[in-house]
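The lines below spell out each chain.
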Amino acid sequence: MTARFSRSLGQRLFAAGGVVALAAGVFGGGGAALAHSPSPLFGTRTWDQDQIVGFQWWPGAVPPGWMAAAIDLGAGDVGQSRNSRAATFTRVSSANSRIAYGAANPCPAYGIACMDRTGVPDRFAGMWFRPHGWPFDWGTLRWCQALPSPANGCLDAENVALDEFGHIEIIGHHVNYADESDYTDSVVQATSRSRPRAGWNAHVFGRCDVARLQLEYELASPNGLVSTCLSLGTNLSIVPSATLIAAGGSVRITGNLKIAVASAARSLSGDPLSGRAINLQRRALGSTTWATMAALTATGTAGSYAISFAPASTVDYRLSFAATSPEGLLGSVSSVVRITVTACTAVAAVGIGPQVACE
């Protein structure tokens, strides 16, 4: 497994074994395929769901206060924007995972920052940041946080820290359109943008970063929104309490909504979905037209919804889930059930099949 990713400057993408540079320039770069798909994997997931990973400063390479604050904020941004059960990171007094600031580091010559996630699930080997004022062939590195006030051409240390923590999670460099019009879909980029270009100070994971974390770590809860960088199918089942009732009687219909079982859904495959709008639809016998009758309400079970009502006549029913723009799910409808209403005041099953006896 490739151990390291890093950022550097320029219109270059680096993907060799060992260190891979994070570029911090005003120029773009990247391929033309796979844009608007989840950010790629970097190795395999080894952190546990919701694992808290502590880190400390590397002895002899403690960052100055402004950089320390930016890195701590970047770690906090992970927990606030992961929208999944991905690992979180926090600075503690003693830990095997270490972060350093200074000239001595294993980053490639073009790298402004790099990391090594070797050692998981217990630790990551390290994260390193070049110092403010470091000379590169393109010019002098300026961290915005080190300046009296942000100036055009400086680089946001919090943004770069979030990128590096993204690599430590499992996220590889996003693949952009040739014109990088989708750059803000991801913070985890091969090339970093300087102020004031779009995305230069993004402090939350992009939607395609979140998509990768959700695929590997699951949603934070069944109510969590699926990233719009995904397009996952859903499965909606319908379970009536009875399909044969007496006139005036009631029936309870339960619906269960899940992410469709598919390899593309990875860890999300088959997971329940709560907090969505599920509608009951009816169709008169002999008709081809469905009409929405009512919305189901949530039960105490994840992904489960129900409604009780008294049918007036024999009708076909189904459930419907309509996809909505805030998330990357596809709509679905359940199978059809026919609930037969008899003229009896009570019914009892007789043998096998549709036979009934009025009591």
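Residues numbered from 1 in each chain as written. Predicted model: local features only at pLDDT ≥ 70, side-chain atom pairs only at ≥ 80, totals over all residues. Heavy atoms only, no water.

## Comments concerning the packing of aromatic side chains
Tallied over the full model, the rule gives 10 aromatic pairs. With a centroid separation of 5.7 Å and an interplanar angle of 35°, the aromatic rings of Trp58 and Trp128 are classed as tilted. Residue Trp58 is found in the loop between strand S3 (52–57) and helix H1 (65–81), and its partner Trp128 is found in strand S7 (residues 126–129); the two are separated by 70 residues along the sequence. Residues Phe89 and Phe124 carry aromatic rings whose centres are separated by 6.3 Å and whose planes lie at 75° to one another, so their mutual orientation is edge-to-face. Taken together, the residues span a long stretch of sequence, with Phe89 in strand S4 (residues 88–91) and Phe124 in the loop between strand S6 (111–116) and S7 at a distance of 35 residues. With respect to burial, Phe89 and Phe124 carry one shared label: buried. (Phe/Tyr/Trp six-rings, centres within 6.5 Å; stacked < 30°, edge-to-face > 60°. Helix = DSSP H or I, 4+ residues; strand = E, 2+ residues; numbered from the N terminus. Buried < 20%, exposed > 50% of the residue type's maximum accessible area, 1.4 Å probe, protein only.)

## Focus: unusual backbone geometry
Note the cis peptide between Arg195 and Pro196, where omega equals 10°. Topologically, Pro196 is positioned in the loop between helix H2 (157–169) and helix H3 (207–217). The phi angle at Asp50 is positive, at roughly 60°, despite the residue not being glycine. Counting through the fold element by element, Asp50 comes out in the loop between strand S2 (22–23) and S3. Since its relative accessible area comes to 32%, Asp50 is described here as partly exposed. You will see that Asn83, though not glycine, has its phi angle at about 45°, which is positive.

## Focus on the pattern of salt bridges
Taken as a whole and assessed by the stated rule, the structure comprises 10 salt bridges. Across the pair Asp50 and Arg82 runs a salt bridge whose closest N-O atoms are separated by 3.2 Å. One end of the pair, Asp50, is in the loop between S2 and S3; the other, Arg82, is in the loop between H1 and S4, and 32 residues separate them in sequence. Residue Arg82 is classed as buried on the basis of its relative accessible area, which comes to 17%. Residues Arg266 and Glu216 are paired through a salt bridge, measuring 2.6 Å at the closest nitrogen-oxygen approach. Of this pair, Arg266 sits in the loop between strand S12 (251–259) and strand S13 (278–284) while Glu216 is found in helix H3, placing the two residues 50 residues apart along the sequence. A relative accessible area of 5% means that Glu216 is categorised as buried. Bridged by salt links that share partners, the residues Asp50, Arg82 and Arg85 form one connected network. (Salt bridge = Lys/Arg side-chain N within 4 Å of Asp/Glu carboxyl O.)

Note that every value here comes from positions in space, so none of it alone points to a role or purpose.
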